[in-house]
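Below, each chain spelled out in residue letters.
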Amino acid sequence: MIGQPFINPVLSHAIEMYLKYKDHPEDPNFSEFTVVVVRTLVFIYGELDILNPYITHNEHMMGGFDSNITKYGFSIDALTDFKNQFLKFVEEQQKNIRPNSAFIKIQKYLIDMYSYKQKSMNLPIDQLMLFKKYLYIPENNEKIADINRYLINPQEIIGYLNSKIYETNHNFILEPVKRETLNTDAYILLGYNINQINNLNDSDLKAVNDQIYRFFRVDSNSPNSKELLDKAVNYYKRYGNRITSGNGYVDFLLFASIAATALFITVLIALNYF
């Protein structure tokens, strides 16, 4: 190795082995795990994006390793950990630790990288079939020895790949639940106390809020829903009732459902103290 290693000694050596044996793919060194990782990076990003930064020792600057690997959306924090896993892999390998956690994380990071490219480039299905050839999954018979050496669950990598494919195909968008508390009197009038409300998780609080809006006949999607609720609560406090649906039986059922929810939450909180 000439000069300082690129990023770290393990990754730098893997790139050197890739360059040395890429024209001799039958050589066992070309199938060593860290070299296969480099080959996978080349498949995802292209050879120039991996080799040019190595040749120029450009890790962090424009056109360097970091910017090339993160160009489809893979995060810089994940990339930092990805690099560190090469050192951890060798450490666990030398200690014969099984499962090798770094082996698993590196594989999953590669799947993440491919997934980001898939989302960005809308790759055809045949590219996925080619990508799978680089992974340590049971269908790749030539990798069975390493699967048995580094994994306890041979299905772990393919399971993670399938979950990412499903996520990509269904285009999930996860949005945080917005925590919003209403007029304190609204909770009290319907049998809740503030400690109960404060101890609810975001989803349960939203469910209670929805019940309160329904009870007071206020559209929760209205831009001035809180103002309308305040008016309804004040009306209830002043006159002892609310503007009803006109159907006493329906009103009774709605109030009963809220009372039941309040009782259920009270029981849950009480149980937590025992």
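Everything numeric here is computed off the predicted structure, so don't read it as measured data.

1. Observations regarding helix 2 (residues 33–45)
Each α-helix winds once per 3.6 residues, and so residues spaced three or four apart point in a common direction. Helix length check: helix 2 (13 residues) gives 18 Å between terminal C-alpha atoms against 18 Å at 1.5 Å per residue, within 8%. By the criterion of burial, helix 2 is predominantly enclosed, with 12 of the 13 residues buried. The complete set of buried residues in helix 2 reads Phe 33, Thr 34, Val 35, Val 36, Val 37, Val 38, Thr 40, Leu 41, Val 42, Phe 43, Ile 44 and Tyr 45. Among the residues trailing helix 2, Gly 46 stands out with phi positive, at a value near 100°.

2. Remarks on the pattern of salt bridges
What the rule picks out here adds up to 15 salt bridges. Across the pair Lys 105 and Asp 81 runs a salt bridge, and its minimum N-O distance is 2.7 Å. One end of the pair, Lys 105, is in helix 6 (residues 101–121); the other, Asp 81, is in helix 5 (residues 76–94), with 24 residues separating them in the sequence. Classification of Lys 105 as partly exposed rests on a relative accessible area of 33%. Lys 132 is paired through a salt bridge with Glu 139; the nearest N and O atoms lie 3.6 Å apart.

3. So, the side chain of Glu 92
Mapped onto the fold, Glu 92 is located in helix 5. There is no salt bridge for the buried Glu 92, and the closest opposite charge comes from Lys 88, which lies 4.1 Å off by N-O distance. In contact with Glu 92, not counting residues within four places along its chain, are Ile 97, Pro 99, Asn 100, Ser 101 and Ala 102.

4. Section: unusual backbone geometry
With an omega dihedral of 5°, the bond running from Arg 98 to Pro 99 counts as a cis peptide bond. Take Pro 99: it is sitting in the loop between helix 5 and helix 6. Located in the positive-phi region is His 57, a residue other than glycine, with phi close to 55°. Looking at the element boundaries, His 57 is found in the loop between helix 3 (47–56) and helix 4 (65–69). Backbone geometry at Asn 122 places phi at a positive 55°, although glycine is not the residue there. In this structure, Asn 122 sits in the loop between helix 6 and helix 7 (125–132). Residue Asn 122 is classed as exposed on the basis of its relative accessible area of 63%.

What counts and how
Residues numbered from 1 in each chain as written. Predicted model: local features only at pLDDT ≥ 70, side-chain atom pairs only at ≥ 80, totals over all residues. Heavy atoms only, no water. Helix = DSSP H or I, 4+ residues; strand = E, 2+ residues; numbered from the N terminus. Expected span 1.5 Å × (residues − 1). Buried < 20%, exposed > 50% of the residue type's maximum accessible area, 1.4 Å probe, protein only. Salt bridge = Lys/Arg side-chain N within 4 Å of Asp/Glu carboxyl O. Lys, Arg positive; Asp, Glu negative; His and termini not counted. Contact = heavy atoms within 4.5 Å.

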